[in-house]
Amino acid sequence: AQRVTQPEKLLSVFKGAPVELKCNYSYSGSPELFWYVQYSRQRLQLLLRHISRESIKGFTADLNKGETSFHLKKPFAQEEDSAMYYCALKVSGNTPLVFGKGTRLSVIA
Amino acid sequence: ETGVTQSPTHLIKTRGQQVTLRCSSQSGHNTVSWYQQALGQGPQFIFQYYREEENGRGNFPPRFSGLQFPNYSSELNVNALELDDSALYLCASSPGRGVYTGELFFGEGSRLTVL
């Protein structure tokens with residue numbers, strides 16, 4: 001079965017420091033990968049998807065099929081980036097999203 | 001544009017009881033899916049509804065059932081509640097016409113506590 005692993009439950013960084021939220025997946029085919037974010041007192045929302053290859057709020061993520069990873073990166077963390085981040089996987093065909101357990105990012109002023 | 005709304009936001013039940021959770025999809029969205037999020041876990045897919053029929057189901061027992069109405073709103077019903085059913089139940093809608101999509105629009109969830 002497909003699985004998404006986010007190895008860190010909590011990641012604390014100082015404001016202005018680089019951020020990398022790790023995501024690894026288990027799937028041998030060509031997946032679609034997503035990052036969802038939940039800010040305090042807000043609903044879960046899509047942050048970005050790998051097929052868009054775009055930067056959202058300064059965040060980027062590159063799909064590395066060799067390492068089966070989709071790490072989320074930002075060069076300079078801001079306090080408003082503090083949130084819960086979930087990596088999610090969709091495999092080919094008509095199948096639902098599979099979520100990781102999430103990483104809580106805390107940006108310290 | 002109205003987002004996904006869920007009710008109730010919180011509820012407490014006892015083991016063996018039944019519960020119904022409700023969801024109104026985002027305007028223009030015809031597909032609704034339900035997820036269970038236990039404490040410290042990511043959302044886990046329960047099932048999806050399109051055109052008032054279930055068109056996909058995760059690894060949940062039959063006592064988890066649902067409905068979708070002509071206006072695309074949906075209900076999640078859980079019978080014979082167990083302690084492990086305590087979780088946040090998330091509804092998500094999409095304009096996907098029954099096709100699974102990675103772009104989901106979530107509600108704020110209904111937090112169920114089973115005592």
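The text that follows walks through the structure, step by step, so that each part is easy to find. (Residues numbered from 1 in each chain as written. Chains lettered and ligands numbered in written order. Predicted model: local features only at pLDDT ≥ 70, side-chain atom pairs only at ≥ 80, totals over all residues. Heavy atoms only, no water.)

1. Focus: the sheet that holds strand 8 (residues 74–78) of chain B
Residues and elements named next belong to chain B.
So, step 1. Spatial ordering of the open sheet is given by 1-3-8-7, a layout of four strands whose pairing is antiparallel. The open sheet terminates on both sides in strands that have one partner only, identified here as strand 1 (5–7) and strand 7 (64–68). Geometrically, the sheet is characterised by an average inter-axis angle of 20° between neighbouring strands, direction not taken into account.
So, step 2. Across five bridges, strand 3 (residues 19–24) lies against strand 8 in antiparallel orientation. Bridge pairing in strand 8 links Cys-23 to Ser-74. (Pairing = 2+ DSSP bridges. Helix = DSSP H or I, 4+ residues; strand = E, 2+ residues; numbered from the N terminus. Axes fitted to C-alpha atoms, helices over the stretch in contact; angles between N-to-C directions.)

2. Thoughts on the pattern of salt bridges
So, step 1. Under the definition given, this model contains 10 salt bridges over all chains.
So, step 2. Here Arg63(B) makes a salt bridge to Glu82(B), at a shortest N to O gap of 3.3 Å. Placement of the pair is Arg63(B) in the loop between strand 6 (53–57) and strand 7 and Glu82(B) in the loop between strand 8 and strand 9 (87–94), with a sequence separation of 19 residues.
So, step 3. Judged by relative accessible area, which is 40%, Glu82(B) ranks as partly exposed.
So, step 4. For Asp85(B), the salt bridge is made with Arg63(B), and the minimal N-O distance between the two is 2.7 Å. Of the two residues, Asp85(B) is situated in the loop between strand 8 and strand 9 and Arg63(B) in the loop between strand 6 and strand 7; the sequence distance between them amounts to 22 residues.
So, step 5. Judged by relative accessible area, Asp85(B) falls into the buried class, the value being 3%.
So, step 6. Through salt bridges with shared partners, a single network forms among Glu20(A), Lys22(A) and Lys73(A). (Salt bridge = Lys/Arg side-chain N within 4 Å of Asp/Glu carboxyl O. Buried < 20%, exposed > 50% of the residue type's maximum accessible area, 1.4 Å probe, protein only.)

3. Describing the state of the cysteines
All names here are of chain A.
So, step 1. The tally for this structure, following the rule as stated, stands at two disulfides over all chains.
So, step 2. The disulfide partner of Cys-23 is Cys-87, and the gap between their sulfur atoms is 2.0 Å. Judged by the sign of its S-S torsion, about -65°, the bond between Cys-23 and Cys-87 is left-handed. Here Cys-87 lies in strand 9 (residues 83–90) and Cys-23 lies in the loop between strand 3 (19–21) and strand 4 (24–26), a separation of 64 residues in the sequence. With respect to class, Cys-23 is no different from Cys-87; both count as buried. (Disulfide = S-S within 2.5 Å.)

4. Observations concerning the side chain of Arg63(B)
All names here are of chain B.
So, step 1. The class for Arg-63 is buried, based on a relative accessible area of 17%.
So, step 2. Polar contacts involving the side chain of Arg-63 include one to the main-chain carbonyl oxygen of Ala-80, which spans 3.4 Å.
So, step 3. A polar contact of 2.7 Å, which involves the side chain of Arg-63, links it to the side chain of Asp-85.
So, step 4. Arg-63 has contacts with Asn-77, Val-78, Asn-79, Ala-80, Leu-81, Glu-82 and Asp-85, leaving out every residue within four places of it along the chain. (Polar contact = N/O pair within 3.5 Å; in protein donor to acceptor, adjacent residues only side chain to side chain. Contact = heavy atoms within 4.5 Å.)

5. What to know about the side chain of His29(B)
So, step 1. Along the polypeptide, His29(B) turns up in the loop between strand 3 and strand 4 (31–37).
So, step 2. Look past the residues within four positions of His29(B) in its chain and what remains in contact with it is Tyr72(B), Ser93(B), Ser94(B), Pro95(B) and Phe105(B).

6. Quick notes on the nonpolar core
So, step 1. Ranked by size, the top nonpolar core spans 25 residues in total, and within it Trp35(A), Leu72(A) and Tyr85(A) carry the most contacts.
So, step 2. Only strand 2 (10–14), strand 3, strand 5 (32–38), strand 6 (45–49), strand 9 and strand 11 (103–108) of chain A provide two or more residues apiece to this core.
So, step 3. Broken down by element, the residue count for this core peaks at four residues, all from strand 9 of chain A.
So, step 4. In contact with Tyr85(A), not counting residues within four places along its chain, are Gln6(A), Leu21(A), Trp35(A), Tyr36(A), Val37(A), Tyr39(A), Leu47(A), Phe59(A), Leu72(A), Gly102(A), Thr103(A) and Leu105(A).
So, step 5. Ranked by size, the runner-up nonpolar core spans 20 residues in total, among them Leu11(B), Leu21(B), Leu76(B) and Val114(B). (Core = buried A, V, L, I, M, F, W, Y, C linked by side-chain atoms within 4.5 Å.)

7. Description of the interface of chain B and chain A
So, step 1. With 20 residues of chain B at the interface, the matching set in chain A holds 15 residues.
So, step 2. Both sides of the chain B and chain A interface together cover about 1,500 Å² of buried area, and 54% of this is carbon and sulfur.
So, step 3. A per-residue breakdown of the area chain B buries against chain A is headed by Tyr100(B), Gly102(B) and Phe106(B), which together make up 36% of the total.
So, step 4. On the surface where chain B and chain A come into contact, there are two salt bridges.
So, step 5. Between Arg43(A) and Glu108(B) there is a salt bridge, with the nearest N and O atoms lying 3.9 Å from each other.
So, step 6. Scanning the region where chain B abuts chain A turns up six residue pairs in polar contact (both at pLDDT 80 or more).
So, step 7. Taken together, the residues of the side of chain B that touches chain A break down into nine nonpolar, nine polar and two charged. (Buried area = accessible area lost by both parts, 1.4 Å probe. Nonpolar A, V, L, I, M, F, W, Y, C, P; charged D, E, K, R; others polar.)

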